[in-house]
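Remarks on the overall topology
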Amino acid sequence: MHWVPLVASLIAAAAITPTTVRGLAAQGMVRDNYRGSAVAFPAGVALVIPAIVALVVAAPLYQFVDLDVLQPGVGLALIYVFGVAFLGLFDDLVGSAEGQPRGWRGHFTALASGRLSTGVIKAVGAFGLALLTAANPHLSAWDYLLSAAVLVLATNVFNLLDLRPGRAGKAFILLGIGLTIGAGDLESLWTLGLFIGPILVLFPLDLREIGMLGDTGSNVIGAVAGIWLIFTLTTTLGLAIAAGVLALITLYGEFRSISAFIERTPGFRQLDLLGRSHA
């Protein structure tokens, strides 16, 4: 019954997510997107609520029926994903005003000048949660540190990607397909099913500019991607390659425009425009 969390979260998300996103807009919780259109914000909260509701089904089944309902590692995944979702929501609600620093470089430069931004709180908080999530006495020191780095970097990279509708969701889906094929099994898919269902349901709403993920949503997607990576890449070399690639994307995003790179690169541009309402 390892498929139960994914199915339960899909059903919960299908029932809850559209109403949640419409409710945000009805309450005036909107933000202008890159085209200047007012979009429900932060729609990323719709990734967390269905996962919590799905636990109402999954947890009792795990306790009374079948231990396979919740796979090993799901508890740590919940801690990290819920934790960074909270940090993202805090940043969305408190730290998104005009004039706020952007990117790690901007946030830590502001900190050096005596100004504490929500971005610094989010970065340090995510690092602490990553150190807890990656903790395993059976891991070597290198594997532990690399796993924590992958978690933090993946969370940040998906935040950097989320500058156009559907971009973070497309990257997540492609990464998940690649990791599943590479691993040759569905174990990590079942482990993260509580979150994958809501991500898939919210994806078309983000793509069609009905809801904007915000840091809440991009953090959740990045967190799930990071956990998927460390659950699948179990060798030091694999973790090092993942951390290196994510670090390079992060570094590029600190000094250059990722959107500009995507828009001028054949293949990436077409994929980025695919399915968008205003391509």
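These lines cover the structure that appears in this document, whether it is placed above or below. All values derive from a computational prediction rather than experimental measurement.

**Regarding the environment of Leu 93**
Looking at the element boundaries, Leu 93 is found in helix α3 (residues 74–94). On the basis of relative accessibility, which here comes to 54%, the residue Leu 93 falls in the exposed class. Along the sequence, Leu 93 and Ile 177 sit 84 residues apart, while their C-alpha atoms lie 33 Å from each other.

**Quick look at a nonpolar patch on the surface**
Residues Leu 237, Ile 241, Val 245 and Ile 249 make up a contiguous nonpolar surface patch of about 350 Å² in total accessible area. Inspection of the secondary structure puts Ile 249 in helix α11 (residues 236–255).

**Details of the pattern of salt bridges**
Note that side chains of opposite charge can pair when their charged atoms are close. Taken as a whole, this structure holds six salt bridges when the rule is applied. For Lys 122, the salt bridge is made with Asp 215, and the minimal N-O distance between the two is 2.9 Å. Residue Lys 122 is found in helix α5 (residues 118–134), and its partner Asp 215 is found in helix α10 (residues 214–232); the two are separated by 93 residues along the sequence. Each member of the pair, Lys 122 together with Asp 215, is buried. Linking Asp 272 and Arg 167 is a salt bridge whose minimum nitrogen-to-oxygen distance equals 2.9 Å. With Asp 272 in helix α13 (residues 268–273) and Arg 167 in helix α7 (residues 167–183), this pair connects stretches of sequence that are 105 residues apart. Judged by its relative accessible area of 5%, Arg 167 falls in the buried class. Members of the salt-bridge network, linked through shared partners, are Asp 91, Lys 122 and Asp 215.

Reading guide: rules and limits
- Residues numbered from 1 in each chain as written.
- Predicted model: local features only at pLDDT ≥ 70, side-chain atom pairs only at ≥ 80, totals over all residues.
- Heavy atoms only, no water.
- Helix = DSSP H or I, 4+ residues; strand = E, 2+ residues; numbered from the N terminus.
- Buried < 20%, exposed > 50% of the residue type's maximum accessible area, 1.4 Å probe, protein only.
- Patch = residues over 30% accessible without salt bridge, like charges linked within 9 Å, V, L, I, M, F, W, Y side chains within 5 Å.
- Areas by Shrake-Rupley, 256 points an atom, 1.4 Å probe, with all protein chains shown as cover.
- Salt bridge = Lys/Arg side-chain N within 4 Å of Asp/Glu carboxyl O.

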